[in-house]
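Residues per chain are reported as follows:
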Amino acid sequence: MRNPKPKEWLSEEYSKGYYADYKPFNFVDGEGVRCSFYVSGCLFACKGCYNKAIQNFNYGQPYTTEVENQIIEDVGQSYVQGLTLLGGEPFLNTEVCLSLVNRVRATFGTTKDIWAWSGYTFEELLQESDDKLDLLHQVDILVDGRFELELLDLNLQFRGSRNQRIIDVKASLAAGEVVIWDKCKDADQKFEPIKKEI
């Protein structure tokens, strides 16, 4: 696991504009029915990462207007609650992610929510480059922090290790401190770590 200094990892230096996968109409990547967009490339290289193949910035295929149009059409369905950004690392693929989220906002305003999973913590993102801050300000819910295999907990809601948090981004920015999503069912629960043979 690597720990970057502020502005050490810049999207423009690493991102190839590729995405790894797109999964419309699923129920696992956040609240409600969602369209999940997986970008390619991540530098955190967390031990036990379940998406190890897409840590490579060259994995997958180029993001195109056609792909974006399909996502917008899918997100527009009345039963879809919103868009989810995963990876890979969305905040190291800001050109792609900002193109998509800006289009979502221009098309749907705030009627569709945006979730993102990131290896960065909320506090780290606040010290980051302008493009990362722009993306953060478009996100409604952030699941933050590196996956830590030693803190693996299969009982957690929408995350894999106990250090990770489900953050209400708008409320946190307004309060000047982290505000946990009010629908998080286990923010205060303590679980024994699961022992797993590797």
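The chain is annotated in an unreviewed UniProt entry as Anaerobic ribonucleoside-triphosphate reductase-activating protein of Vagococcus fessus. Looking at the chain in UniProt, the text filed under Sequence similarities (unreviewed entry) is "Belongs to the organic radical-activating enzymes family." The record held by UniProt for the chain lists under Function (unreviewed entry) the comment "Activation of anaerobic ribonucleoside-triphosphate reductase under anaerobic conditions by generation of an organic free radical, using S-adenosylmethionine and reduced flavodoxin as cosubstrates to produce 5'-deoxy-adenosine."

K.L.:
Would you mind going over unusual backbone geometry with me for this structure?
P.N.:
Each neighbour pair has its own omega, and for G87 with G88 the value is 15°, a cis peptide bond. Despite not being glycine, K7 has its phi angle at roughly 65°, a positive value. Within the secondary structure, K7 is located in the segment before helix 1 (11-14). A positive phi is found at F25, a non-glycine position, where the angle reads about 60°. Considering the arrangement of structural elements, one finds F25 in strand 1 (residues 18-26).

K.L.:
Looking at this model, I keep getting lost on the packing of helix 3 (residues 94-108) against helix 5 (residues 130-138). Mind explaining?
P.N.:
Between two packed helices, the angle of one axis relative to the other and the distance separating the axes together describe the packing. Relative orientation of the contacting elements helix 3 and helix 5 amounts to 35°, with a least axis distance of 10 Å. Crossing angle aside, the handedness with which helix 3 passes helix 5 is left-handed. Contacts from T94, C97, L98, V101, N102 and R105 of helix 3 reach helix 5 at D131, K132, D134, L135 and Q138. For the contact of helix 3 with helix 5, the residue count by class is 4 nonpolar, 3 polar and 4 charged.

K.L.:
It is not clear to me how the environment of H137 should be interpreted in this structure. Could you clarify?
P.N.:
Inspection of the secondary structure puts H137 in helix 5. With 77 residues separating them along the chain, H137 and G60 place their C-alpha atoms 27 Å apart. With residues up to four places along the chain from it excluded, the contact list for H137 reads K170 and L173.

K.L.:
Any chance you could explain the environment of G60 here in plain terms?
P.N.:
Examined against the element boundaries, G60 turns out to sit in the loop between strand 2 (34-39) and strand 3 (61-62). Classification of G60 as partly exposed rests on a relative accessible area of 42%. C-alpha of G60 to C-alpha of Y120: the two residues are 60 residues apart in sequence and 22 Å apart in space. Non-local contacts of G60, meaning those with residues more than four positions away in its chain, are made with Y18, Y19, A20 and S40.

Procedures and definitions
Residues numbered from 1 in each chain as written. Predicted model: local features only at pLDDT ≥ 70, side-chain atom pairs only at ≥ 80, totals over all residues. Heavy atoms only, no water. UniProt positions renumbered as here; feature names shortened; annotations may be inferred. Helix = DSSP H or I, 4+ residues; strand = E, 2+ residues; numbered from the N terminus. Axes fitted to C-alpha atoms, helices over the stretch in contact; angles between N-to-C directions. Left-handed = near helix turned anticlockwise from the far one by under 90°. Contact = heavy atoms within 4.5 Å. Nonpolar A, V, L, I, M, F, W, Y, C, P; charged D, E, K, R; others polar. Buried < 20%, exposed > 50% of the residue type's maximum accessible area, 1.4 Å probe, protein only.

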